[in-house]
Every structure is written in structure tokens, then in C-alpha cells.
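# Analysis of the macromolecular model
Residues per chain are reported as follows:
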Amino acid sequence: GAGVSQSPSNKVTEKGKDVELRCDPISGHTALYWYRQSLGQGLEFLIYFQGNSAPDKSGLPSDRFSAERTGGSVSTLTIQRTQQEDSAVYLCASRLRATETQYFGPGTRLLVL
Amino acid sequence: DQQVKQNSPSLSVQEGRISILNCDYTNSMFDYFLWYKKYPAEGPTFLISISSIKDKNEDGRFTVFLNKSAKHLSLHIVPSQPGDSAVYFCAASSAYTSNTGKLIFGQGTTLQVKP
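The present account deals with the structure reproduced in this document. Keep in mind the model is a prediction, meaning the values are calculated, not measured.

A count of helices and strands for chain B gives 0 helices and 11 strands. Along its sequence from the N terminus, chain B presents helices and strands in the succession β-β-β-β-β-β-β-β-β-β-β. Its C-alpha atoms give chain B a radius of gyration of 14 Å, within 12% of the compact-globule value 13 Å for 115 residues. Structurally, chain B occupies a C-alpha span of about 45 × 30 × 20 Å along its principal axes. A total of 115 residues make up chain B; the buried ones form 46% of that total. Put simply, of all contacts in chain B between residues at least 6 apart along the chain, 55% involve residues at least 24 apart. By element, 48% of the accessible surface of chain B is carried by carbon and sulfur atoms, the whole surface being about 5,500 Å².

See below:
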């Protein structure tokens, strides 16, 4: 079946602009995660959704970052007033309930100039 | 603090030989461990996992070993193939400290398999 998809695949923006990143999880996967990978770093957890609720937002680096999920499916990560340090690959993953394995999308490469 | 560490940034092996990738962790509450492989410009792909109640899990050419007393796990690839060249990430989760299943990742090890 279809895997996790993300859009756009690449995004170049100017400092101070807002960006929206989209994730379509695998159908039926109730758990959804956002991670980011900065240059030369490992993946860093941002936020977790179970259904439309986000019980764990502990990884969001500042209040400029927010995310929502609608219909238990698509999720959007929004970064307001982007800064150069926001440049990274933003990865989305989904997981079937009662299983442990997360499946990742291809990521969105964000470059803030 | 880095709870999951992959101390070798890179590894080079000859095709057909064994590749051994190592991972250390500090949090004794971790109870599930996964290995992901990542090619450039792609998302991580799940490779193999192991629960803390086991010390070995095997899937084809890939075997993961867990040594809980040493807080160490390793991924063995035998025989190594050029297509295995990628970045390998170790990840861990804990059902005790978080019921979210969020993963804590190491920094990754770049494996190069030479023909």
C-alpha cells in the first residue's frame, strides 16, 4: 500500500516568512510523529499525535512551531517567522496502534535564507 | 544529554564481509530498539527491531544483538553488499517513561560497502 507522503519535498523561504509542511500518513495509522534532522545531526522528536490530539508536544523548539491533525489523517506543521536555524529536513512518521514500528515519509527539506 | 550514541560516524567494509554497527544507550528504561537505514534525499527505512526481553533478533542478512547489562546493541550485516551503503540510525523508545512511542535517535553511522 501507499507509504507516508510529505509535501513539499523542498521549500526555500526567506527569514521571517511562515511555512506549512504537510504529512499524509499511512491509511489506518492512528499515531503520527514529526521529527527534524538538522545538518549532521540525528533525528529530533518534535510532536506526537494520537488521532487528532497531541498529547506530547515536548519537542517543539519554540512557540513559533505548531502542528495540527484533522480527521485522524493529514497533519500540518507550521513554522511562523522562520529563522535560519529552522533549516533542516522535517520528517513525518506514522505507526499502527499497538505496534512499535514507525514508518517515515521522504521528508521536506527546508532552507531559510 | 545524548541518550543514544553511535560513536562511529563512518564504517567502510569490503563486499561480502561482515558489517558491524554499534550503538550505546544510557537510559535503562528503554525497552524497544530499532535500526533504520537512510539513503540520501530519502526518509529513514525500517530495518529491524528488538524488544528488551530478547538478546537477539535475526532477519535475513541482518541480525541485531542486545546486551542490556552493557546498554549496548549492535547490527550485523552478513554478507555486506554495495547496496547496503547508507546511513544507519539506531533508535530507542520506552513504554515506562512515555506511552507515546516517540523514538530517541543516535547520530547515525555512514556505512560504505566497497565492491
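The next point concerns the pattern of salt bridges. All names here are of chain A. Overall, the coordinates contain 6 salt bridges over all chains when judged by the stated rule. Its salt-bridge partner being lysine 17, residue glutamate 14 comes within 3.8 Å of it at the nearest N-O pair. Relative accessible area serves as the criterion here: at 44%, lysine 17 is assigned to the partly exposed category.

Residues and elements named next belong to chain B. With antiparallel pairing, 5 strands are arranged side by side in an open sheet as β1-β3-β8-β7-β6. Looking at strand neighbours, the two that pair on one side only are β1 (4-5) and β6 (56-59), the edges of this open sheet. In the sheet, strand β3 (residues 19-25) pairs with strand β8 (residues 72-77) via 6 bridges, with the strands oriented antiparallel. Within β8, the position partnered with isoleucine 20 by the bridge is histidine 76.

Further remarks concern the interface of chain A and chain B. Contacts between the two partners involve 21 residues from chain A and, on the opposite side, 19 residues from chain B. Interface area, chain A with chain B, both sides summed: about 1,600 Å², of which 56% is carbon and sulfur. When the buried surface of chain A facing chain B is broken down by residue, Leu43, Glu100 and Phe104 of chain A rank first, second and third, together holding 29% of it. Where chain A touches chain B, the interface holds 1 salt bridge.

Here cysteine 23 of chain B is to be found in strand β3. Apart from residues no more than four positions distant in its own chain, cysteine 23 of chain B is found in contact with Val4, Lys5, Gln6, Trp35, Lys71, His72, Leu73 and Cys90 of chain B.

Rules and cut-offs
- Residues numbered from 1 in each chain as written.
- Chains lettered and ligands numbered in written order.
- Predicted model: local features only at pLDDT ≥ 70, side-chain atom pairs only at ≥ 80, totals over all residues.
- Heavy atoms only, no water.
- Helix = DSSP H or I, 4+ residues; strand = E, 2+ residues; numbered from the N terminus.
- Rg over C-alpha atoms; globule rule 2.2 N^0.38 Å.
- Buried < 20%, exposed > 50% of the residue type's maximum accessible area, 1.4 Å probe, protein only.
- Contact = heavy atoms within 4.5 Å.
- Areas by Shrake-Rupley, 256 points an atom, 1.4 Å probe, with all protein chains shown as cover.
- Salt bridge = Lys/Arg side-chain N within 4 Å of Asp/Glu carboxyl O.
- Pairing = 2+ DSSP bridges.
- Buried area = accessible area lost by both parts, 1.4 Å probe.

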